[in-house]
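An overview of the molecular structure
The lines below spell out each chain.
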Amino acid sequence: MNWEEYLTEIKKWDLVKIEPKGFVVLECVTPVTPKEYLEYADKDLLLDGAHGNVNALSNAKRAIDCQITNLLSVLGLSVSGNIHKKIERIKDIGILAPRILKKVNKIRNLLEHEFQAPTEEEAENAVDIAMLFIGATEKVFTNFMYSFWVARDGSENRASIYKDGNKTLIIDNGVPDPTFSDGLYIQYDKDSRDYGLWGYIENEEIFVSVVKRGSPLHVTLLHYSTLNHYSGMENEANLAGIDFVGSVKDKSGISV
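Attention in this report is confined to the structure presented alongside it. The shown structure was predicted, so the numbers you read here are calculated from the model rather than taken from an experiment. (Residues numbered from 1 in each chain as written. Predicted model: local features only at pLDDT ≥ 70, side-chain atom pairs only at ≥ 80, totals over all residues. Heavy atoms only, no water.)

Glancing now at helix α3 (residues 49–74). Here α3 is 26 residues long and its end C-alpha atoms lie 38 Å apart, about the 38 Å a rise of 1.5 Å per residue gives. Just beyond α3, the residue with positive phi is G76, at close to 75 degrees. (Helix = DSSP H or I, 4+ residues; strand = E, 2+ residues; numbered from the N terminus. Expected span 1.5 Å × (residues − 1).)

Looking now at the environment of V25. Note that V25 resides in the loop between β1 (16–24) and α2 (34–45). For the pair V25 and V140, spaced 115 residues apart in the sequence, the C-alpha separation amounts to 8.3 Å. Excluding residues within four positions of it along the chain, V25 makes contact with F141, T142 and K190. (Contact = heavy atoms within 4.5 Å.)

Two elements in contact, helix α1 (residues 3–11) and helix α8 (residues 241–248), have axes separated by 7 Å at closest approach and are oriented at 150 degrees. Judged by the angle between their axes, α1 and α8 are roughly antiparallel. Across the interface between the two elements, W3, L7, I10 and K11 from α1 touch G241, I242, F244, V245 and V248 from α8. By residue class, the composition of the contact of α1 with α8 is seven nonpolar, one polar and one charged. (Axes fitted to C-alpha atoms, helices over the stretch in contact; angles between N-to-C directions. Parallel < 35°, antiparallel > 145°, perpendicular 65-115°, else oblique. Nonpolar A, V, L, I, M, F, W, Y, C, P; charged D, E, K, R; others polar.)

Turning to unusual backbone geometry, a few remarks are in order. With the exception of glycine, the majority of residues adopt a negative phi angle, and the majority of peptide bonds are in the trans configuration. Not every positive phi belongs to a glycine, and R193 is a case in point at roughly 70 degrees. Within the element layout of this structure, R193 appears in the loop between β5 (183–188) and β6 (195–201). The exposure class assigned to R193 is buried, which follows from its relative accessible area of 18%. The phi torsion at D250 lies on the positive side, around 65 degrees, for a residue other than glycine. The topology assignment puts D250 in the loop between α8 and β9 (254–255). A residue is classified by how much of its surface remains accessible, and D250, at 68% relative accessible area, is exposed. (Buried < 20%, exposed > 50% of the residue type's maximum accessible area, 1.4 Å probe, protein only.)

Structure follows, in structure tokens:
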């Protein structure tokens, strides 16, 4: 069964359950971290006059640029191109509110005016916005959902549990290894930055594939990985099979 045929099966499921299986902490790849640049900017604000304001604004910008580079790198996305292209890649994943991106652009616009010193208020605003940006994206590093199921609700494989007096007894009864009899298991590889896919129907593995990093399908799966129980998955934990299929269908990236 190929990917398209498997999606046809998922489409039939009335309710799809997204169940997290594993979370991981992703590490920065740059020698200087975004938070360190923020610390520099904070200290710059203590300096009086144009010197402190210019340095604070510059380090706030560095903090944002550094966070963007780290974010793209750990997610397996390209770090090439100008800042606008980089921000678009982050925007495609859906981890940032548009208003935050607008504020980030305002900081960059201030720096484009050569030889014009920012005011104390502008410098403080820049540091605050950098802090807001890093805080909003930090969840990707600290709570990245690297493995999860997209499965038919009600198809859980669970061992039999029953009470015998004060004892709780669990009987395996040969329950298969997969958590769900009908579902797609998705796992991110921190080394290659690719995703692995394993599709099950009636406890039988019928589909195995890899989603290559940077592909449109890869970006869609990143969207699901950055949604978790700590950052709003409550709104997307259950959806119709047709909705999930709609989000991934016709997006290239499958490599059998």
